[in-house]
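# An overview of the molecular structure
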Amino acid sequence: MAAEDCTAQREGGSDGLDLVTEPYPRSPKPNRKTDSSSLQCSQEQLSCRLAELEKESRRTEAHVASLKKRQANLTMNADEMVRQVRERYEGLRLALDWDEQAVLERLEQEHRESSSRLTRVLQDWSQHLRVVRKHSGTITKLQEGAAMGQQQEVLIEDFSCHKKLNADDEAIRLNEERFQKLLKALGKLSKDLEAQLQRKILLLDSTEVVIDSITSHRQIKVTSGGRSMYVSPKECSAPHHPLQFDQVYCALGSAAITAGQHYWEASVHCCPAWAVGVAYSSLHRKGRDKSAKLGRNRLSWCLEFQDGHLSAWHNDRHVALSTRAGQGAPNKVGVFVNYPKGYVAFYDAEAMKVLQEFSGACSAMFERAHHQFTEPLFPAFRFFKPKDVRSVPDHMRICELSL
């Protein structure tokens, strides 16, 4: 019976109309009606948003005007600074010009005085020469007359005209010794001025360095508010610290360098063997292997003086450095760091001579590609183990710097 019903449905009506059956008929689409309340709410939101934008526009305009004013003031301040700098340097040039003119005038006056004295002596001797020649002519005539049989009575004394040399006349000359002293003084002044100008540039970036007494080796005593240190035969009584150096006599600064330019100086003349440099905070603190020694790893850079030899170290590689004549090592070491450029330079701080540079442009010995700092840097110092701790303790001091 069910089969017959299905057959009847397939065959459909005799009038040719097919019946379509949808098992899941679609729901009728609802008619969307405009809700006046929702439209009113949207208009209020737009009004609020417009008011916010107008307020933001006014605030932005005010900020732009402020930035333009700051830009104008920045230009004015830069121009004023340029003017003041030029005035200072012009003052230096005027002082140098005045001193040069004074020295040249002094030299010219000395030349005129010496020349005048020498002219008078020359005139005197020229007059004497004329007298001698006159007497010579007279005697020649007398000799010719005597040869012809003419007899004349003359006194030999009348022809005496000997003139003694004056030692003072021989001394008339420019004071060459004084002139050489002047040149030497000017040469020294020029070098000192050059050094002072270089030092002035570095002192603009001077940084106050304080020693971290907590993490330094237990036999390093830190004094003077963290600006001086020495090796003591006794260990400190403070508790051990996880980041404390336990074998190598090292100390680090307490403040990290993470940006900008920095310069400081360390007095090392009371220390027979030392190392001064910079290091990452990840420098190892335990043991005596290379990972804990300045310059013997990739984590530190240093200038080192030991056994009478000055050298620069990084990544366990070094280069020997020359020292000033008559001196084994500098009395003061200057350290300059340009963190963004990955640059470190060590100076003889008294002569302002660059002893060694570490940078992206340095020799392949120090692997130039490595000199982009990847961690905070700390000032670093090392004492080499004293042979006799009972003697005067090795001492280093952070110098106070001011323009």
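Going by the structure above, here's the rest.
Let me begin by describing the structure that accompanies this report. Since this is a predicted model, take the numbers as computed values, not measurements.

What follows is about the overall build of the protein chain. From N to C terminus, the protein chain includes four helices and 13 strands. For the protein chain, the proportion of its 403 residues judged to be buried stands at 28%. Contacts in the protein chain between residues far apart in sequence, at least 24 positions, make up 66% of those at least 6 positions apart. As displayed, the protein chain offers around 28200 Å² of accessible surface, 54% of which is attributable to carbon and sulfur atoms.

What follows concerns helix 4 (residues 176–203). The terminal C-alpha atoms of helix 4 lie 40 Å apart, and with 28 residues this matches the ideal 40 Å at 1.5 Å per residue to within 8%. When helix 4 is considered as a whole, its buried residues turn out to be Ala195, Arg199, Leu202 and Leu203. Residues of helix 4 that are buried sit in contact with strand 4 (261–267), strand 9 (332–338) and strand 10 (343–348).

A few words now on the pattern of salt bridges. Per the counting criterion, the structure on display carries 13 salt bridges. The salt bridge partner of Arg218 is Glu235, with a shortest N-O separation of 3.3 Å. Of this pair, Arg218 sits in the loop between helix 4 and strand 1 (220–223) while Glu235 sits in the loop between strand 2 (228–231) and strand 3 (250–252); the two residues are 17 residues apart in sequence, bridging distant segments of the chain. Arg218 sits in the buried class, given a relative accessible area of 10%. Through salt bridges with shared partners, a single ionic network connects Glu80, Arg83 and Glu87.

Strand order in the open sheet formed by seven strands is 1-2-13-4-9-10-11, with antiparallel pairing between adjacent strands. In this open sheet, the two edge strands, each paired with only one partner strand, are strand 1 and strand 11 (353–358). Adjacent strand axes in the sheet meet at a mean angle of 20 degrees when their direction is disregarded. Judged from the four bridges that link them, strand 1 and strand 2 form a sheet pairing that is antiparallel.

Time to look at the sheet that holds strand 12 (residues 377–383). Sheet strands pair by backbone hydrogen bonding; their relative direction is either parallel or antiparallel. Ordered in space as 3-12-5-6-7-8, the six strands form an open sheet in which the pairing is antiparallel. Edge positions in the open sheet fall to strand 3 and strand 8 (317–321), since each of these has one partner strand only. Between one strand axis and the next, the sheet turns by 20 degrees as a mean value, whatever way the strands run. Strand direction decides the pairing type here: strand 6 (residues 300–306) and strand 7 (residues 309–314), joined by six bridges, are antiparallel. The residue bridging Cys302 from the neighbouring strand is Trp313, located in strand 7.

Looking now at the environment of Glu110. Inspection of the secondary structure puts Glu110 in helix 2 (residues 36–147). The class for Glu110 is buried, based on a relative accessible area of 16%. Note: C-alpha distance between Glu110 and Leu174 (64 residues apart in sequence) is 6.9 Å. Within the structure, the side chain of Glu110 is placed 2.8 Å from the backbone nitrogen of Asn175, a separation counted as a polar contact.

Taken as a whole, this structure holds zero disulfides when the rule is applied. Free cysteine Cys250: the closest other cysteine sulfur is in Cys302, separated by 8.9 Å. On the basis of relative accessibility, which here comes to 1%, the residue Cys250 falls in the buried class. Of all cysteine sulfurs, the one in Cys271 lies closest to Cys270, which takes part in no disulfide; the gap is 8.7 Å.

Here strand 10 runs beside strand 11; their pairing, made up of five bridges, is antiparallel. Paired with Ala345 across the strands is Glu357, a residue of strand 11.

So, about the side chain of Ser228. Among the structural elements, Ser228 can be located in strand 2. Of the residues examined, Ser228 reaches a relative accessible area of 5% and is grouped as buried. Polar side-chain contacts of Ser228 include one of 2.6 Å to the side chain of His395. Ignoring sequence-local partners within four residues, the contact set of Ser228 consists of Lys221, Val222, Thr223, His395, Met396 and Arg397.

Calculation rules
Residues numbered from 1 in each chain as written. Predicted model: local features only at pLDDT ≥ 70, side-chain atom pairs only at ≥ 80, totals over all residues. Heavy atoms only, no water. Helix = DSSP H or I, 4+ residues; strand = E, 2+ residues; numbered from the N terminus. Buried < 20%, exposed > 50% of the residue type's maximum accessible area, 1.4 Å probe, protein only. Contact = heavy atoms within 4.5 Å. Areas by Shrake-Rupley, 256 points an atom, 1.4 Å probe, with all protein chains shown as cover. Expected span 1.5 Å × (residues − 1). Salt bridge = Lys/Arg side-chain N within 4 Å of Asp/Glu carboxyl O. Pairing = 2+ DSSP bridges. Axes fitted to C-alpha atoms, helices over the stretch in contact; angles between N-to-C directions. Polar contact = N/O pair within 3.5 Å; in protein donor to acceptor, adjacent residues only side chain to side chain. Disulfide = S-S within 2.5 Å.

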